[in-house]
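Inside the fold
Now for the letters of each chain:
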Amino acid sequence: MTAIANVVVVVIGLVALVLLPRSAGEERSQVRATPPSPSPSPSAAPPKATAESARKVKANEAGLVPVIMYHRILPKRLASIDRTPAQLRKELERLARSGYVPITAAELAARKIDIPAGTHPVVLTFDDGHPSHFAVDQNGMPRNDTAVGIIYEVAAKYPNFRPTATFWVNRDPFGLRDRERQRQAVKWLLDHGFEVANHTYSHPDLRRLSGKRVSEQIVRQERLLKKIGAPASTTFALPYGSRPRKLSRAHDGTWDGTRYHFDAVFLAGAQPTVSPYAKNFPRYAIPRIQSNGKHGECRRWCTTYWLDWLDKHPGERYTSDGDPARVSVPRKLRGTLSPARAKSVITY
């Protein structure tokens, strides 16, 4: 049994989401069901990959990984970076049908990519901790048409679509100002396999700040996250994708006696990232793709373009061998891997 199979327990309580009727122009009514349980740990080790099994699924763990950037999820878009619930649902269903399996930003950085053979990792990231990302109703269920509600809805319809994402938040996570409610929200997300991490305290343009103030913004948010029960962040998303003048301040620093370190730093959007096993993996400048269509400036830099491109060039994307302990690639790509990151390599 794989880790993906075990998330079925999580989504069973949400199958009703898929079955609800929906009137044109209306929001879905709130679902009344038992809250999903936290994902259990895998009960068995995945099968070991071989050259033959890797060849069969055309494994390429040196390939490209889409890291998708979302902001507000609104019934009516107010800015170009907003998405409607229908647009998010459509995009996630496209990913699920194309064999993509969500992992968190932390799992990407740590090279913990445990997905079925023949599938492709995708990282769903949500910036700013907007109320449209996560809220629960009186029954403890994710509200319909929030990001988490839609993720579970799609996971109920497509069982291999693992319900997880990364939320990079500021000082009022999910629009909540009460500390106890913040703790409850963070606990729910962590218990259900989501990542909640640092996006600075007040979302400034770090390029405009002194080095000391950059570190202050990061440390203040890290302290807040600790207060509300989140573990130390291992990933960090730059507000506006703007890097501080001293680049290392984005991942290592000290302020007021508190040190911080991130394993990975993410930009605001452009293109898929190379594999974390690659020699040129940009750990402290990982690109993301803005969720959007192909109009205007998004013609070549947003999800519609890049998902189309990856569909047309399947040999370029990351395809899993199903064995997280090994890295499988076509023989011609062996030299693109970092020996320090990919110690057990299968070529075919």
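Just above sits the structure.
Read on for a plain summary of the structure. Everything numeric here is computed off the predicted structure, so don't read it as measured data. Along each chain, residue indices are assigned from 1 in the same order as the chain's sequence is written. pLDDT decides what is reported in this predicted model: residues at 70 or higher carry local features, side-chain atom pairs at 80 or more are listed and counted, and totals for whole chains, interfaces and linings draw on all residues regardless. The side-chain values count all of the structure's non-hydrogen atoms but skip hydrogen atoms and water molecules.

**Let's talk about the packing of helix α5 (residues 85-97) against helix α7 (residues 147-157)**
At their nearest, the axes of α5 and α7 sit 10 Å apart, and the two run at 35° to each other. Crossing of α5 against α7: the hand is right-handed. On the side of α5, the interface is formed by P85, L88, R89, L92, E93 and A96, while α7 contributes A147, I150, I151, E153, V154 and K157. Of the residues belonging to the contact of α5 with α7, the class tally is eight nonpolar, no polar and four charged. Axis angles are defined between N-to-C directions and span 0 to 180 degrees, where every axis is a line fitted to C-alpha atoms and, for a helix, only to the segment in contact. Strands are runs of DSSP state E lasting at least two residues, helices are runs of H or I lasting at least four, and both sets are numbered from the N terminus onward. Whether a crossing is left-handed or right-handed is set by the direction in which the near helix is turned from the far one by less than a right angle, anticlockwise for left-handed and clockwise for right-handed. Throughout, a contact is declared for two residues whenever any of their heavy atoms are within 4.5 Å. Any residue outside Ala, Val, Leu, Ile, Met, Phe, Trp, Tyr, Cys, Pro, Asp, Glu, Lys and Arg is labelled polar, Gly included; the first ten of those are nonpolar and the last four are charged.

**Comments concerning the packing of aromatic side chains**
Stacked, edge-to-face and tilted are the three classes for Phe, Tyr and Trp ring pairs, Trp counted by its six-membered ring, which pair at centre distances within 6.5 Å; planes under 30 degrees apart are stacked, over 60 edge-to-face, the rest tilted. A full pass over the atoms with the stated rule returns 13 aromatic pairs. When the centroid spacing of 5.7 Å and the interplanar angle of 75° are considered together, the rings of F167 and F174 count as edge-to-face. For the pair W306 and W309, a centre-to-centre distance of 5.4 Å together with 70° between the ring planes defines the contact as edge-to-face. Here W309 and W306 lie together in helix α10 (residues 303-312), a separation of three residues that amounts to about one turn. Each residue is assigned to one of three classes by its accessible area relative to the maximum for its type, calculated with a 1.4 Å probe on protein chains only: buried under 20%, partly exposed between the two thresholds, exposed over 50%. A relative accessible area of 11% places W306 in the buried class. Judged by its relative accessible area of 22%, W309 falls in the partly exposed class. Put simply, the rings of Y70, F126, F134, Y152, F167, F174, W188 and F194 touch in pairs and so form one group of aromatic residues. Here R220 stacks its cationic end above the ring of Y201, 4.1 Å away from the centre of that ring. Any Lys NZ or Arg CZ found within 6 Å of a ring centre and within 35 degrees of that ring's normal is scored as a charge over the ring.

**Some details on the environment of A54**
Structurally, A54 can be placed in helix α4 (residues 51-57). With 266 residues separating them in the primary sequence, A54 and S320 have C-alpha atoms 8.3 Å apart. Residues within four places of A54 in sequence aside, it is in contact with A59, S328, I346 and Y348.

**What to know about the pattern of salt bridges**
Salt bridges are defined by distance alone: a side-chain nitrogen of Lys or Arg within 4 Å of a carboxyl oxygen of Asp or Glu. According to the stated counting rule, one finds 17 salt bridges in the structure shown. Across the salt bridge formed by R72 and D82, the nearest N and O atoms sit 2.9 Å from each other. With R72 in the loop between β1 (67-70) and α5 and D82 in the loop between β1 and α5, this residue pair connects regions lying 10 residues apart in the sequence. You can call R72 partly exposed: its relative accessible area is 28%. Salt bridges sharing common partners tie together R94, K294, D308, D311 and R317.

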